[in-house]
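Okay, here's what each chain looks like letter by letter:
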Amino acid sequence: MSTPEASRLEALRAEVERRNPAQPEFHQAVREVLESLAPVFAARPEYAEPGLLERIVEPERQILFRVPWQDDRGRVHVNRGFRVEFNSALGPYKGGLRFHPSVNIGVVKFLGFEQIFKNALTGLGIGGGKGGSDFDPHGRSDNEIMRFCQSFMTELSRHIGEHTDVPAGDIGVGGREIGYLFGQYRRITNRWEAGVLTGKGIGWGGSAIRPEATGYGSVLFAAEMLARRGTTLEGLTAVVSGSGNVALHTIEKLQQLGANPLTASDSSGYVVDTKGIDLELLRQVKEVERARISEYAVRRGPSASFVADGRVWDVAGDVAFPSATQNELHEQDAVTLVRNGVKAVSEGANMPSTPEAVRVFQEAGVAFGPGKAANAGGVAVSALEMSQNAARVAWSAERVESELAAIMKRIHDDTYETAARYGTPGDYVTGANITGFERVADAVLAQGLI
Ligand code: NDP
Ligand code: 2IT
């Protein structure tokens, strides 16, 4: 790093770390974007305007609140709630809620920062935000989940709205939680405001294909990367991590396109199935019973085995779909995948590959789709849900799925072309960061110093 632009970006990175101590995930997300931007600053001097970048790395608003609730035995728990409203230059803040014990302000800020550029890539007029709680839903009854969601929404309700901030799901928040959250919002506000949350149930304002959208989109993004290299997913084996919303629908779309997903995982370990994952059984175990992944191997028979605490990336496959959580794929995992001949990696999760792992993939010439681009299908269909809510209509599954496919192709082509324009053809990390940044920066500049 020797150009003036690079030095300025490096100084900003150091300042972000100083001003936001003990937030390693946020530092990582900011660093990754800043590292892509030096060529943009050289080409577009207007971005050097003092304060532009400084505003983009600073959330517009950060909300922290107490969430008290009672468990089924009458014991009182006190969790912490978060909503980071990061940037609304392109539209209302938009992004999911995560319920997981690892959630803290740094994690929410990393997710919110990623969301700004991801949402810009969709081209659908949505700003970036994220929220959640350190509440752990594992092992909690439906009633406990409901009471927690009601308490969480009692506070959050005063900060959100269809034109202000529109939350959705993320880890630990799916259709059940969105239902309880929406019910409490409606009760408190006495408004039928469908567009305040996305991921709602079909029949009360939800969009067809929203549950499927992130996983489907991540597979479609991989298919676009492969198409650019003159090949397809058909007949390829796939390694998938996670067994939640994103992973299950990744597996489903892979099977529809003739690929063979071999694995799934959760925080206890992974299963590998030499016959290919039996999706119906996996759904029964994870979605219906909310059991541990080992149960899949017990019921599936000899083709499947469970590896406790193992690394799913040790399984050989032609394509890989990290779809669980941040920093789940390390440098050594990337080395193993490359040695086993991986051709493409599409990030269903947010920031699942460490920076060192990304470098290994790129140096080996693997087609690498970063989360900002590859998993944008979920929030894109959320934006389509908002459109349907505003027009009080419900589109068919076929219509939403064909819009999703068109959006993923456009994101692929835009990021590919940007990377080529800046002299790094095939580098979707640079392509996604620059494309997203240019759209946000142009809007921020046009709207004055706010
Ligand atoms: P779910 O809660 O449905 O599933 C999460 C899965 O990841 C579970 O299998 C879970 O296992 C595993 N997991 C979570 N945390 C950890 C951890 N610390 N270590 C190991 N495994 C873990 O969430 P989603 O499928 O919705 O989200 C998965 C990823 O995709 C996240 O990174 C999320 O931010 C991202 N994403 C989600 C979108 C969506 O629309 N839902 C959109 C775009 C991105 P266990 O049950 O054992 O914790
Ligand atoms: O990370 C993500 O893009 C999401 N969790 C989905 C956000 C949304 O508003 O649909």
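Conventions and cut-offs
- Residues numbered from 1 in each chain as written.
- Chains lettered and ligands numbered in written order.
- Predicted model: local features only at pLDDT ≥ 70, side-chain atom pairs only at ≥ 80, totals over all residues.
- Heavy atoms only, no water.
- Near = heavy atom within 4 Å.
- Polar contact = N/O pair within 3.5 Å; in protein donor to acceptor, adjacent residues only side chain to side chain.
- Nonpolar A, V, L, I, M, F, W, Y, C, P; charged D, E, K, R; others polar.
- Areas by Shrake-Rupley, 256 points an atom, 1.4 Å probe, with all protein chains shown as cover.
- Helix = DSSP H or I, 4+ residues; strand = E, 2+ residues; numbered from the N terminus.
- Pairing = 2+ DSSP bridges.
- Right-handed = clockwise from strand over helix to strand, strands pointing away.
- 1 Å grid on protein atoms, 1.4 Å probe; cavity = no way out; pocket = protein on both sides within 12 Å on 5 of 7 lines; lining within 4 Å.
- Points joined across faces, edges and corners; volume = space filled by probe spheres on them.
- Phe/Tyr/Trp six-rings, centres within 6.5 Å; stacked < 30°, edge-to-face > 60°.
- Buried < 20%, exposed > 50% of the residue type's maximum accessible area, 1.4 Å probe, protein only.
- Axes fitted to C-alpha atoms, helices over the stretch in contact; angles between N-to-C directions.
- Contact = heavy atoms within 4.5 Å.
- Arc of directions from axis to C-beta.

Concerning the site of ligand 2
- Every one of the 14 residues lining ligand 2 counts as a neighbour, but Lys-94, Lys-118, Lys-130, Asp-170 and Ser-382 are closest to it.
- Between Arg-210 and ligand 2, the recorded distance is 2.9 Å, taken from a side-chain N or O atom to an oxygen atom.
- For the shell around ligand 2, the per-class residue count stands at 2 nonpolar, 7 polar and 5 charged.

Focus on the site of ligand 1
- Close to ligand 1 lie 25 residues; Asp-170, Thr-214, Asn-245, Ser-267 and Asn-350 are nearest.
- A distance of 3.0 Å separates an oxygen atom of ligand 1 from a polar side-chain atom of Arg-292.
- Taking 890 Å² as the accessible area of ligand 1 by itself, protein coverage stands at 83%.
- Secondary-structure elements contributing two or more residues to the shell around ligand 1 are helix 7 (210-228), helix 8 (245-256) and strand 8 (263-266).
- For the shell around ligand 1, a count of residues per class yields 4 nonpolar, 15 polar and 6 charged.

What to know about the pairing of strand 6 (residues 237-240)
- In this structure, strand 6 lies alongside strand 7 (residues 260-261), joined through 2 bridges in parallel fashion. Within strand 7, the position partnered with Ala-238 by the bridge is Pro-261.
- A crossover links strand 6 with its parallel partner strand 7, the connecting element being helix 8, and its sense is right-handed.
- One ladder, built from 3 bridges, connects strand 6 with strand 11 (residues 319-321); its direction is parallel. Its bridge partner being in strand 11, Val-240 is matched across the sheet by Phe-321.

Thoughts on empty space enclosed by the protein
- The final tally for this structure, using the stated rule, is 1 cavity of 30 Å³ or more.
- Here the largest cavity is characterised by a volume of approximately 60 Å³.
- Lining the largest cavity are Glu-32, Glu-114, Glu-347, Met-351, Ser-353, Val-358, Pro-370, Gly-371 and Lys-372.
- The residue inventory of the lining of the largest cavity, partitioned by class, reads 3 nonpolar, 2 polar and 4 charged.

Let's talk about the packing of aromatic side chains
- Taken as a whole and judged by the stated rule, the model has 20 aromatic pairs.
- Look at Phe-65 and Phe-152: their rings are 5.3 Å apart centre to centre, the planes differ by 50 degrees, and that puts the pair in the tilted class. One end of the pair, Phe-65, is in strand 1 (residues 61-70); the other, Phe-152, is in helix 5 (residues 142-156), and 87 residues separate them in sequence. Summarising the burial analysis for this pair, Phe-65 and Phe-152 share the class buried.
- Measuring from ring centre to ring centre gives 5.1 Å for Phe-99 and Phe-148, while their planes differ by 85 degrees; the resulting arrangement is edge-to-face. Here Phe-99, found in strand 3 (residues 93-99), pairs with Phe-148, found in helix 5; they are 49 residues apart in sequence, far enough to count as distant. Neither Phe-99 nor Phe-148 differs from the other in exposure class; each is buried.

Brief notes about the sheet that holds strand 10 (residues 304-308)
- The strand order across the open sheet built from 3 strands is 8-9-10, with neighbouring strands paired in antiparallel fashion. Since the sheet does not close on itself, it has two edges, and those belong to strand 8 and strand 10, each with one partner. Sheet twist, expressed as the average angle between the axes of neighbouring strands with direction ignored, equals 15 degrees.
- Across 5 bridges, the pairing between strand 9 (residues 269-273) and strand 10 is antiparallel.

Comments concerning the sheet that holds strand 3
- Across the sheet, which stays open at both edges, the 5 strands sit in the order 1-2-4-3-5 with mixed pairing between neighbours. Since the sheet does not close on itself, it has two edges, and those belong to strand 1 and strand 5 (165-168), each with one partner. Shown here is a sheet whose adjacent strand axes are inclined to one another by a mean of 20 degrees, direction ignored.
- Note: strand 3 against strand 4 (residues 128-133), 3 bridges, orientation parallel. The residue bridging Arg-98 from the neighbouring strand is Gly-132, located in strand 4.
- Contacting strand 1, strand 2 (76-87), strand 3 and strand 4, helix 4 (residues 105-122) crosses the sheet at an angle of about 150 degrees to strand 4.

Focus on helix 12 (residues 355-363)
- Buried within helix 12 we find Ala-357, Val-358, Val-360 and Phe-361. When helix 12 is viewed along its axis, its buried side chains cluster within an angular range of 160 degrees and face the same direction.
- Contact partners of the buried residues in helix 12: helix 11 (331-339), strand 12 (344-346), strand 13 (367-369) and helix 16 (428-446).
- Positive backbone phi, at 75 degrees, marks Gly-365, one or two positions downstream of helix 12.

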